[in-house]
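Residue-level listing of the chains:
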Amino acid sequence: MACRERACQVAGEGALGELAGFRRDVYRCLWRRADALFETLDAVLTAGPVPSLPYLSLEPVLRRGHGMVYQGLARGRIDEEALRELLVAWRPRDWPLAFAVDASTYPRPWAAASPGREWHHHSCPGSHGSDGAAVAGWAFQWLAQLSFDPDSWTAPQDQVRVGAGDDGTRQAAVQILAHAVRLRADGETRIPLYVLDAGYDEAPLTWDLREHLDQVQILVRLRNDRVLYRDPPPRVPHKAGRPRIHGSGTDRFECKNPVTWGPPDQELSVRDDRYGQVSVMSWSGLHPRLFCRGRFAGFDRPSVIKCHLIRVTVTRLPNGRRVPGPLWLWWAGPGRPDLGLCWRAYLHRFDIEHTYRFAKHCLGWDSAALRYPEQVSRWTWLIIGAITQLRLARALAEDHRLPWERRRRAARLTPGRVRRDFDRLLALAGTPASPPKTTRAGPGRPRGRTSTPAQRHDVIRKAAQ
């Protein structure tokens, strides 16, 4: 027992050193208004529910006035590229090399003075003045590493804004390539897998990554009614007409028609504690029709974009939920897909939804009333820094459970429970921020000067682009 306690103490000291080291590295990435930004980050980690930004100034860790919260986000500067490299360097090395890419809406429906707002899908009826279908705001696309453990932890490593007129699929391709380069620069030799939902167009994404598919893997969900094609039969010599690029008839692959499938190239059947019997099948060499489709409409003869089509079925879902139909996935990358990695990676893709929910409901990500998207981008980096610190502090935190909650081991604490104990850990880790200097009140607005109304901006409709 004494040896076990000493081992836990040594592990805790190592985790505390990692937490303090990450905090120092984050502080170095803050160029301007560094102290105000860093103490705002600490206030996010120790505050309760945050209805708006000024309430963060009530936390003891924020030794500055509430005006410095807005000033840090408005005038501060963050070395975003250095912060991205830092998050890759501090990624969990024992997790699979699987990453989810997804976008979430930052709602600003009443901010008429905010530029660049678009209509985005919103899933909460009545929230933020939305009707449950669309809300005016900005979209931010996160990239987070996935854990295959049955919990809600992810490791966000990048975020970009998908601005007005931007293509989310093309933006995802740029984000994936840049992240893969950072992984290789950090010494990673394995090929990463990037998982995306059906909101991203699989063929254009594969086309954008066509010269780099020996360095990355992508996995995208398809609809259950998709039709793909095999290669056509060999061309008859001296036959007139343009050579065909897609098969027809027996060469069609209809996801809804098992008669057209044929024997799979790979099969996997495993027994899982949460999903029961899991069956995975894969067919190679399939490709969709691209003529007059999206960005391929102007091509005289579109290229063939091939994939491995994966079908996943399970016999049960956690919590007794109804088992849906089969899951169809588009895979592209070097060699052949690892079916065991693919089905687990996609099912854990939904963990990033838990990260978004925690960032919004607990950390107040979408409650900050900021005018410009650049300010929201800095605020988003602080939220990602907070989530990373919670992950590093997981081995140190004590469980302050509510009376109706179950007791959990230290290794099984949720992000919300780690946050309850973070004020104690913050005192142990220390802060690199400098204390505020003594100042006196400014002169205020000059006499006779009046403020003018801010410029109003209409919400951009994508169909009008």
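If you're wondering where the values come from, they're calculated on a predicted model, not measured in any experiment.

## Observations concerning the overall build of the protein
Part 1: Regarding its fold elements, the protein presents 11 helices and 14 strands.
Part 2: Within the span of the protein, comprising 465 residues, buried residues form 47% of the whole.
Part 3: Across the protein, the fraction of contacts at a sequence separation of at least 24, relative to all contacts at a separation of at least 6, is 69%.
Part 4: In the form shown here, the protein has an accessible surface area of approximately 23500 Å², with 52% of it arising from carbon and sulfur atoms.

## A few points about the confidence of the model for the protein
Part 1: Of the residues in the protein, 88% have a pLDDT of 70 or more, and the chain-wide mean is 87.
Part 2: Across the protein, the secondary-structure element scoring lowest on mean pLDDT is helix α1 (residues 2-28), at 71, and the one scoring highest is strand β7 (residues 193-196), at 97.
Part 3: In the predicted structure, residues 1-11 sits below a pLDDT of 50 and forms 0 contacts with residues beyond four places in sequence or in another chain.

## Overview of empty space enclosed by the protein
Part 1: According to the stated counting rule, one finds 1 cavity of 30 Å³ or more in the structure shown.
Part 2: By volume, the largest cavity amounts to about 50 Å³.
Part 3: Around the largest cavity sit Val26, Leu30, Leu41, Leu83, Trp381, Leu382 and Gly385, which together line it.
Part 4: Tallying contributions element by element places helix α9 (residues 373-392) first for the lining of the largest cavity, with 3 residues.
Part 5: Looking at the lining of the largest cavity, its residues break down into 6 nonpolar, 1 polar and no charged.

## Some thoughts on the layout of surface pockets
Part 1: By volume, the largest pocket is sized at about 1000 Å³.
Part 2: Every residue lining the largest pocket is counted, 39 residues in all, and those nearest its centre are Arg274, Tyr275, Arg321, Leu347 and Phe350.
Part 3: Elements represented by at least two residues in the lining of the largest pocket include exactly β8 (217-222), β13 (307-313), β14 (327-332), α7 (339-347), α8 (351-361) and α10 (415-420).
Part 4: Counting residues per element, the lining of the largest pocket draws most heavily on α10, which supplies 3 residues.
Part 5: The residue inventory of the lining of the largest pocket, partitioned by class, reads 17 nonpolar, 9 polar and 13 charged.

## Here's the deal with unusual backbone geometry
Part 1: Positive phi values are uncommon outside glycine, yet Arg33 reaches one of about 55 degrees.
Part 2: Mapped onto the fold, Arg33 is located in the loop between β1 (30-32) and α2 (34-46).

## Some details on the nonpolar core
Part 1: By size, the foremost hydrophobic cluster in this structure holds 64 residues, and its most contacted members are Leu56, Trp142, Trp365, Trp379 and Ile383.
Part 2: Here this core gets 10 residues from one element, more than from any other, and that element is α9.
Part 3: When near neighbours in sequence (up to four residues on either side) are disregarded, Trp365 contacts Ser104, Tyr106, Phe140, Trp142, Tyr356, Ala359, Lys360, Trp379, Thr380 and Ile383.

## As for α8
Part 1: Those residues of α8 not exposed but buried are Asp351, Ile352, Thr355, Tyr356, Phe358, Ala359 and Lys360.
Part 2: Where α8 is buried, its residues meet β3 (98-107), β5 (134-146), β6 (154-162), α9 and α10.

## Overview of α9
Part 1: Compared with an ideal rise of 1.5 Å per residue, which puts 20 residues at 28 Å, α9 spans 29 Å between its outermost C-alpha atoms and is within 8% of the ideal.
Part 2: For α9, a buried count of 19 out of 20 residues is recorded, marking the element as mostly surrounded by other parts of the structure.

## Things to note about the side chain of Asp151
Part 1: Along the chain, Asp151 falls in the loop between β5 and β6.
Part 2: A polar side-chain atom of Asp151 sits 3.3 Å from the main-chain amide nitrogen of Trp153.
Part 3: A polar contact is formed between the side chain of Asp151 and the side chain of Arg394, at a distance of 3.4 Å.
Part 4: Not counting chain neighbours up to four residues away, the residues in contact with Asp151 comprise Asp351, Arg394 and Arg412.

## Considering the packing of α2 against helix α3 (residues 66-75)
Part 1: Look at α2 against α3: their axes get within 8 Å of each other, and the N-to-C directions meet at 115 degrees. The angle between the axes of α2 and α3 places the two elements in the roughly perpendicular class. In this structure, α2 meets α3 at a crossing whose hand is left-handed. Between α2, through Ala36, Leu37 and Thr40, and α3, the contact on the second element is made entirely by Met68, Val69, Gly72 and Leu73.

## What to know about the packing of aromatic side chains
Part 1: The full count for this structure, using the stated rule, is 18 aromatic pairs.
Part 2: Considering the side-chain rings of Tyr356 and Trp365, the 6.3 Å spacing of their centres and the 15 degrees angle between planes classify their relative orientation as stacked.
Part 3: Overall, the relative accessible area of 4% leaves Tyr356 in the buried class.
Part 4: The class of Trp365 is buried, set by a relative accessible area of 0%.
Part 5: Within the aromatic cluster, the residues linked to one another by ring pairs are Tyr106, Trp138, Phe140, Trp142, Tyr356 and Trp365.
Part 6: Taking NZ or CZ as reference, Arg289 lies 4.5 Å from the ring centre of Tyr229, over its face.

## Things to note about the pairing of β3
Part 1: Within β3, 9 of the 10 residues are buried, which leaves the element mostly enclosed by the surrounding structure.
Part 2: Pairing geometry for β3 and β7, over 3 bridges, is parallel. Note that in β7 the partner of Ala100 across the bridge is Val195.
Part 3: Looking at chain direction, β3 and β5 are connected through 9 bridges and run antiparallel. Each bridged residue has a counterpart across the sheet, and for Ala100 the counterpart in β5 is Ala144.

Rules of the game
- Residues numbered from 1 in each chain as written.
- Predicted model: local features only at pLDDT ≥ 70, side-chain atom pairs only at ≥ 80, totals over all residues.
- Heavy atoms only, no water.
- Helix = DSSP H or I, 4+ residues; strand = E, 2+ residues; numbered from the N terminus.
- Buried < 20%, exposed > 50% of the residue type's maximum accessible area, 1.4 Å probe, protein only.
- Contact = heavy atoms within 4.5 Å.
- Areas by Shrake-Rupley, 256 points an atom, 1.4 Å probe, with all protein chains shown as cover.
- pLDDT = per-residue confidence, 0-100.
- 1 Å grid on protein atoms, 1.4 Å probe; cavity = no way out; pocket = protein on both sides within 12 Å on 5 of 7 lines; lining within 4 Å.
- Points joined across faces, edges and corners; volume = space filled by probe spheres on them.
- Nonpolar A, V, L, I, M, F, W, Y, C, P; charged D, E, K, R; others polar.
- Core = buried A, V, L, I, M, F, W, Y, C linked by side-chain atoms within 4.5 Å.
- Expected span 1.5 Å × (residues − 1).
- Polar contact = N/O pair within 3.5 Å; in protein donor to acceptor, adjacent residues only side chain to side chain.
- Axes fitted to C-alpha atoms, helices over the stretch in contact; angles between N-to-C directions.
- Parallel < 35°, antiparallel > 145°, perpendicular 65-115°, else oblique.
- Left-handed = near helix turned anticlockwise from the far one by under 90°.
- Phe/Tyr/Trp six-rings, centres within 6.5 Å; stacked < 30°, edge-to-face > 60°.
- Lys NZ or Arg CZ within 6 Å of the ring centre and 35° of its normal.
- Pairing = 2+ DSSP bridges.

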